[in-house]
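# Coordinate analysis (summary)
Now for the letters of each chain:
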Amino acid sequence: VDIVVTRGFGFIPLYVLGFSDAAIVIYLTWASFQGILNHANLRFRFGPLRYLLVTPQFHHWHHSARLYNRNFAAHLPVIDWIFGTYHLPGDDWPEEYGIVGNPVPEGYMRQLTYPLIQGKGEATLEEEE
């Protein structure tokens, strides 16, 4: 649902304003590529580009278990600078992802099935107590 609404709000204005089909395809291709790149576990240093474009390091802080309400921008970090939600601490990366007390499990298959497990949050909190 999120991707349909998000893309809809992005594409409808482009269409209504009369952008060409080629421009819309270029935007869709770039947005899709950047969305995949930003979620990758890629520790490549993007140099000065990391201040101009959202990179994996920037976006990973959005998913940090210890830092909340940061790095919402999908493409341009300047949006977070404007709203005071920008966070990019040097070469550091988050140590933990998810929600405190309910971390994301290790391993691809466990992460893939994690959202499908009923009652996972309650069981995790009870086990810690």
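Refer to the structure printed above.
Attention here is on the structure that accompanies the text. (Residues numbered from 1 in each chain as written. Predicted model: local features only at pLDDT ≥ 70, side-chain atom pairs only at ≥ 80, totals over all residues. Heavy atoms only, no water.)

Before going further, it helps to spend a moment on the environment of L28. The residue L28 is located in helix 2 (residues 21-38) in this model. The sequence separation of L28 and F11 amounts to 17 residues, and the corresponding C-alpha distance is 8.8 Å. What L28 contacts, discounting residues up to four positions off in sequence, is R7 and F11. (Helix = DSSP H or I, 4+ residues; strand = E, 2+ residues; numbered from the N terminus. Contact = heavy atoms within 4.5 Å.)

With respect to the secondary-structure elements, F46 resides in the loop between helix 2 and helix 3 (56-62). Between the alpha carbons of F46 and P56 there is a distance of 9.4 Å; along the sequence they are ten residues apart. Other than its neighbours up to four places away in sequence, F46 contacts L37, T55 and P56.

Turning next to the pattern of salt bridges. Here the structure, examined in full by the defined rule, presents three salt bridges. With a closest N to O distance of 2.9 Å, D91 and R45 form a salt bridge. Note that D91 is positioned in the loop between helix 4 (78-83) and strand 1 (98-99) and R45 in the loop between helix 2 and helix 3, a separation of 46 residues in sequence. R45 gets classed as exposed once you look at its relative accessible area, which sits at 58%. With a shortest N-O distance of 3.9 Å, D91 and R50 are connected by a salt bridge. Here D91, found in the loop between helix 4 and strand 1, pairs with R50, found in the loop between helix 2 and helix 3; they are 41 residues apart in sequence, far enough to count as distant. Under the relative-accessibility criterion, R50 is labelled buried at 13%. Sharing partners across several salt bridges, the network here consists of R45, R50 and D91. (Salt bridge = Lys/Arg side-chain N within 4 Å of Asp/Glu carboxyl O. Buried < 20%, exposed > 50% of the residue type's maximum accessible area, 1.4 Å probe, protein only.)

In this structure the tally under the stated criterion is four aromatic pairs. Pairing F44 with F46 gives two aromatic rings, centres 4.9 Å apart and planes at 90°, and the pair type is edge-to-face. A relative accessible area of 54% places F44 in the exposed class. Arranged with centres 5.1 Å apart and planes meeting at 55°, the rings of W81 and Y86 form a pair that is tilted. Here W81 falls in the partly exposed class, since its relative accessible area comes to 41%. Its guanidinium or amino end placed over the ring of W93, R43 lies 4.2 Å from that ring's centre, counting from NZ or CZ. (Phe/Tyr/Trp six-rings, centres within 6.5 Å; stacked < 30°, edge-to-face > 60°. Lys NZ or Arg CZ within 6 Å of the ring centre and 35° of its normal.)

Looking at the largest pocket, its volume works out to about 510 Å³. If you go around the largest pocket, you meet 23 residues; those closest to its centre are I3, T6, R7, A74 and H75. Of all the secondary structure elements, the ones that give two or more residues to the lining of the largest pocket are helix 1 (2-16), helix 2 and helix 3. Ranked by the residues each element gives to the lining of the largest pocket, the list is headed by helix 2, at seven residues. Of the residues assigned to the lining of the largest pocket, the class counts are nine nonpolar, twelve polar and two charged. If you go around the second largest pocket, you meet 15 residues; those closest to its centre are N41, H60, Y97, V104 and Q111. For the lining of the second largest pocket, a count of residues per class yields four nonpolar, eight polar and three charged. (1 Å grid on protein atoms, 1.4 Å probe; cavity = no way out; pocket = protein on both sides within 12 Å on 5 of 7 lines; lining within 4 Å. Points joined across faces, edges and corners; volume = space filled by probe spheres on them. Nonpolar A, V, L, I, M, F, W, Y, C, P; charged D, E, K, R; others polar.)

Without other data, these values stay purely geometric and don't point to any function.
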